[in-house]
Each structure stands twice: as C-alpha cells, then as structure tokens.
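Chain by chain, the residues:
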Amino acid sequence: MTALTVGDVVAERTVHLTRESLVRYAGASGDFNPIHYRDDVAASVGLPGVLAHGMLTMGLSIETLVPWLGDSGRILDYGVRFTRPVVVDPETGADLRIVAKVGLADDDTARIDLTVSHADTTVLGKAQVRIRLA
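Predicted, not measured: the structure shown is a model, and the values here were computed from it.

Caption draft 1: Inspection of the overall build of the protein chain at higher detail. On a plain count of helices and strands, the protein chain comes out with 4 helices and 5 strands. Going from N to C terminus, the protein chain has its helices and strands arranged as β-α-α-α-α-β-β-β-β. Of all intrachain contacts in the protein chain linking residues separated by at least 6 positions in sequence, the fraction that spans at least 24 positions is 66%. Total accessible area on the protein chain is roughly 7,300 Å²; 51% of this is exposed by carbon and sulfur atoms. A gap of 4 Å separates the mean positions of the 13 positive and 17 negative side-chain charges of the protein chain.

This is the structure:
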C-alpha cells in the first residue's frame, strides 16, 4: 500500500437501494420491523416513509473499503452514529453515496472517515474505520 495522506479519497461508490433491497436484507438479518417495508406503518409512527435498515446502511458503507483494502481482516474498528434516515421511495428507490477519505495515518494504522449521504444529506455521523496498514 502506498503512503497515505490525510484527505486522500481511497474509495467511493453509490449504491442504489430499492424496496426489494430492504426485503432481501430483512430476510437475511431477521429484522422484519414493518417500518422497513410498509408505508402505512412508517406513517403511523411519524416517519417520512419506509426507511432502510440502519445496519444495512452501515454494512454497505464499510463494504466500500474492502476492494481497496484487499482484505477485510485489516479492519480493526468501525463505528457510526445514525443521524438521519434513508427513505426508500417505492418507485425511485434511494441512492446512498459513500466517500472514504484518510482522516489520520501513522506507520501501522490509519483512520478512514466515511461520508455517507442520501439526497445531499449526511445520514451517518462520525463514521470512522480504523485499519491496519501492513
């Protein structure tokens, strides 16, 4: 791996979510909370629409780094704050934009800061990944 400089973008991608994506994730995770697939239930609890699972958003975000890392075993620590929901429209879905930048780097480890957004709104706060460099 080449030397890292604070501010370098090391990975980025956009992931398109659909209602089908949410149903598939619900099946895989066992999280069948109806706010993730029923508009009427989401509205009844004051939500702006059906929401993507927070853990799905978190998982898609960290997965963005894996091709760059070459080995997911180099991930030492990962944490986020869920700050805004990702509303998945029944017709158009939702695009999740992930940009990974070097936040700190030393000889052995680095902190990668993830900016995760939907509709120009950051949806994960303090999304940071600590990685082993060698």
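Caption draft 2: A look at the sheet that holds strand β3 (residues 94-105). Pairing within the open sheet is antiparallel, and its 5 strands lie in the order β1-β3-β4-β5-β2. Taken across any chain shown, the strands that pair with only one partner, and hence form the sheet edges, are β1 (9-17) and β2 (75-82). Neighbour-to-neighbour, the strand axes of this sheet turn through a mean angle of 20 degrees, independent of strand direction. Together, β1, β2, β3, β4 (109-118) and β5 (121-132) form the strand contacts of helix α3 (residues 54-63), whose direction differs from that of β2 by roughly 140 degrees.

Caption draft 3: Quick peek at the side chain of Arg19. For Arg19, the position within the fold is in helix α1 (residues 19-29). Polar side-chain contacts of Arg19 include one of 2.9 Å to the side chain of Asp39. When near neighbours in sequence (up to four residues on either side) are disregarded, Arg19 contacts Tyr37, Asp39, Val50, Val88, Asp89 and Pro90.

Caption draft 4: Structural view of α1. When we look at burial in α1, the residues that qualify are Arg19, Leu22 and Ala26. The buried side chains of α1 occupy one side of the element, clustering within an arc of 55 degrees when seen end-on. Away from the buried face of α1 by more than 90 degrees, exposed residues Arg24 and Ala28 are located. Next to the buried residues of α1 lie α2 (39-44) and α3. The N-capping residue of α1, defined by a side-chain oxygen 3.2 Å from the backbone nitrogen of Glu20, is Thr18.

Caption draft 5: The layout of surface pockets, seen in detail. A volume near 150 Å³ is recorded for the largest pocket. Along the walls of the largest pocket sit 14 residues, with Ala52, Gly54, Phe82, Arg84 and Pro85 positioned nearest its centre. Listed by contribution, the elements that provide at least two residues to the lining of the largest pocket are α3 and β5. For the lining of the largest pocket, a count of residues per class yields 8 nonpolar, 5 polar and 1 charged.

Caption draft 6: Focus on a nonpolar patch on the surface. Nonpolar side chains collect at one region of the surface, where Val23, Phe32 and Tyr37 lie side by side and expose about 310 Å² of accessible area between them. Its location among the elements puts Tyr37 in the loop between α1 and α2.

Caption draft 7: The arrangement of the pattern of salt bridges in detail. As enumerated under the stated definition, the model contains 5 salt bridges in all. For the salt bridge of Asp40 with Arg38, the shortest nitrogen-to-oxygen distance reads 2.6 Å. Among the residues examined, Asp40 registers a relative accessible area of 46% and is labelled partly exposed. Linking Asp113 and Arg111 is a salt bridge whose minimum nitrogen-to-oxygen distance equals 2.7 Å.

Caption draft 8: Quick look at the environment of Leu124. Along the chain, the position of Leu124 falls in strand β5. Distance in space between the C-alpha atoms of Leu124 and Ala110 is 20 Å, their sequence separation being 14 residues.

Criteria and thresholds
- Residues numbered from 1 in each chain as written.
- Predicted model: local features only at pLDDT ≥ 70, side-chain atom pairs only at ≥ 80, totals over all residues.
- Heavy atoms only, no water.
- Helix = DSSP H or I, 4+ residues; strand = E, 2+ residues; numbered from the N terminus.
- Contact = heavy atoms within 4.5 Å.
- Areas by Shrake-Rupley, 256 points an atom, 1.4 Å probe, with all protein chains shown as cover.
- Lys, Arg positive; Asp, Glu negative; His and termini not counted.
- Charge placed at Lys NZ, Arg CZ, Asp CG, Glu CD.
- Pairing = 2+ DSSP bridges.
- Axes fitted to C-alpha atoms, helices over the stretch in contact; angles between N-to-C directions.
- Polar contact = N/O pair within 3.5 Å; in protein donor to acceptor, adjacent residues only side chain to side chain.
- Buried < 20%, exposed > 50% of the residue type's maximum accessible area, 1.4 Å probe, protein only.
- Arc of directions from axis to C-beta.
- 1 Å grid on protein atoms, 1.4 Å probe; cavity = no way out; pocket = protein on both sides within 12 Å on 5 of 7 lines; lining within 4 Å.
- Points joined across faces, edges and corners; volume = space filled by probe spheres on them.
- Nonpolar A, V, L, I, M, F, W, Y, C, P; charged D, E, K, R; others polar.
- Patch = residues over 30% accessible without salt bridge, like charges linked within 9 Å, V, L, I, M, F, W, Y side chains within 5 Å.
- Salt bridge = Lys/Arg side-chain N within 4 Å of Asp/Glu carboxyl O.

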